[in-house]
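# Observations on chain architecture
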Amino acid sequence: MILNTSKLLIIALLCFSAFSTNAQKKKKNYTETIDHVSFDMIFVKGGTFEMGDRKGDLQLDTGENPSLPIHDVTISDFFVGKFEVTQQLWETVMGSNPSEHVKGGRPVENVSWNDCQEFIKKLNTLTGNDYRLLTESEWEYVVRGGKKYNKTNLGRENIPERAWILSNSDNTSHTSGTRFPNELGIYDLQGNVWEWVNDYYAVDSYKQAEQTNPQGVQNGKERVYRGGSFLSDENFCRPAYRNYDMPDIKQGFLGLRVARSL
């Protein structure tokens, strides 16, 4: 059967419409549910921002500032967890709750970077998705407001309004989402618990950083975590502050947040 030009045009338009609809769906916030436990993922529009700062945090052994040089980084679109991974979600996926500050609505903590990898592997098996940890650059992009980023709004102002930190936490974690969100509607990026990210730590990694979707140095011993915790003062919650430890270390103030590429 030979189709005429009009019919071919209609079919092409229908196919394009379906493709466009599917593409739009991929760029919307969504909720994932596992055994009646749900978690929300927020779409983050990519863009370019200035990563790092000049505040200080010199390494005592080298005298170098690991947040320098300030450099432009371009991030592609991705999804990020609206909240830190909760104890409920961790227990649903892993079958146990390792946290020291036990309460279901609070973020999971006392998990190592290695534990996070095992959690993500099982989460992906259950959901059929490709969840992962954020990179350092994605984390800093999000905490600075993503595409809404501007140089007068760097995620450094009014931190106690957005974060459970030393001055307001009573030395314990709190239920996720009980402080104000940032400009993207994402909670607890600063304070509550530190968040493991994917990158290896290197004091001079910014000197050799890629400019688009940087993955950090490709080998090392320690892994990075970001954002501060309920035991941190405001300085440690700065968007550019970098902390790190061995990937098998577990602390009662150290958890994670998941991300997913498009």
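All figures in this text were calculated on a predicted structure; none of them were measured in a lab.

## Observations concerning the overall build of the protein
- Secondary structure assignment for the protein yields five helices and eleven strands.
- Looking at the protein as a whole, 48% of its 262 residues are labelled buried.
- Put simply, 71% of the contacts in the protein that link residues at least 6 apart link residues at least 24 apart.
- For the protein, the exposed area adds up to about 12,900 Å²; of that, 51% sits on carbon and sulfur atoms.

## A short note on the sheet that holds strand β10 (residues 254–256)
- Judged by pairing direction, the sheet is mixed, and its four strands sit side by side in the order β9-β8-β7-β10 without closing on themselves. Only two strands of the sheet have a single partner each, and these edge strands are β9 (243–245) and β10. Neighbour-to-neighbour, the strand axes of the sheet open up by a mean angle of 50°, direction not taken into account.
- Relative to β10, strand β7 (residues 194–200) runs parallel, the two being bridged by three bridges. Bridge pairing in β10 links E195 to G255.

## Thoughts on the environment of Q211
- Along the chain, Q211 falls in the loop between β7 and β8 (223–226).
- For the pair formed by Q211 and S137, sequence separation is 74 residues and the distance between their alpha carbons is 9.9 Å.
- The residues contacting Q211, other than those within four sequence positions of it, are H71, D72, V73 and T74.

## Considering the side chain of E195
- Within the fold, E195 resides in strand β7.
- Here E195 falls in the buried class, since its relative accessible area comes to 1%.
- Aside from chain neighbours lying at most four places away, what touches E195 is E84, W139, D188, L189, V224, Y225, R226, L254, G255, L256 and R257.

## Some words on helix α2 (residues 87–94)
- Among the residues of α2, Q87, L89, W90 and V93 are the ones counted as buried. Taken end-on, α2 shows its buried residues confined to a sector of 160°, consistent with a single buried face.
- Contact partners of the buried residues in α2: β1 (30–34), β2 (37–44), α3 (113–127) and β10.
- Among the residues trailing α2, G95 stands out with phi positive, at a value near 90°.

## Some points on the sheet that holds β2
- If you walk across this open sheet you meet the five strands as β1-β2-β5-β11-β6, and the pairing is antiparallel. Only two strands of the sheet have a single neighbouring strand rather than two, namely β1 and β6 (131–133). Across the sheet, the axes of successive neighbouring strands diverge by a mean angle of 35°, strand direction being ignored.
- Two strands pair when backbone bridges link them, and strand β5 (residues 78–81) and strand β11 (residues 258–261) are joined in this way by three bridges, in the antiparallel orientation. From the neighbouring strand, F78 faces β11, where its bridge partner is S261.

## Section: the nonpolar core
- Within the largest apolar cluster, 27 residues are counted, with the highest numbers of intra-cluster contacts made by F39, V85, L89, F119, L123, L256 and V258.
- Taken together, the elements giving at least two residues each to this core come down to β1, β2, α2, α3, β6, β7 and β10.
- Among the elements that make up this core, the one with the highest residue count is α3 (five residues).
- Dropping the residues within four chain positions of it, V85 is found in contact with W90, P107, V108, F119, L256, R257 and V258.
- In terms of nonpolar packing, the next biggest core, distinct from the first, is built from 21 residues, W139, Y141, I186 and A259 among them.

Here is what the cut-offs are and how they apply
- Residues numbered from 1 in each chain as written.
- Predicted model: local features only at pLDDT ≥ 70, side-chain atom pairs only at ≥ 80, totals over all residues.
- Heavy atoms only, no water.
- Helix = DSSP H or I, 4+ residues; strand = E, 2+ residues; numbered from the N terminus.
- Buried < 20%, exposed > 50% of the residue type's maximum accessible area, 1.4 Å probe, protein only.
- Contact = heavy atoms within 4.5 Å.
- Areas by Shrake-Rupley, 256 points an atom, 1.4 Å probe, with all protein chains shown as cover.
- Pairing = 2+ DSSP bridges.
- Axes fitted to C-alpha atoms, helices over the stretch in contact; angles between N-to-C directions.
- Arc of directions from axis to C-beta.
- Core = buried A, V, L, I, M, F, W, Y, C linked by side-chain atoms within 4.5 Å.

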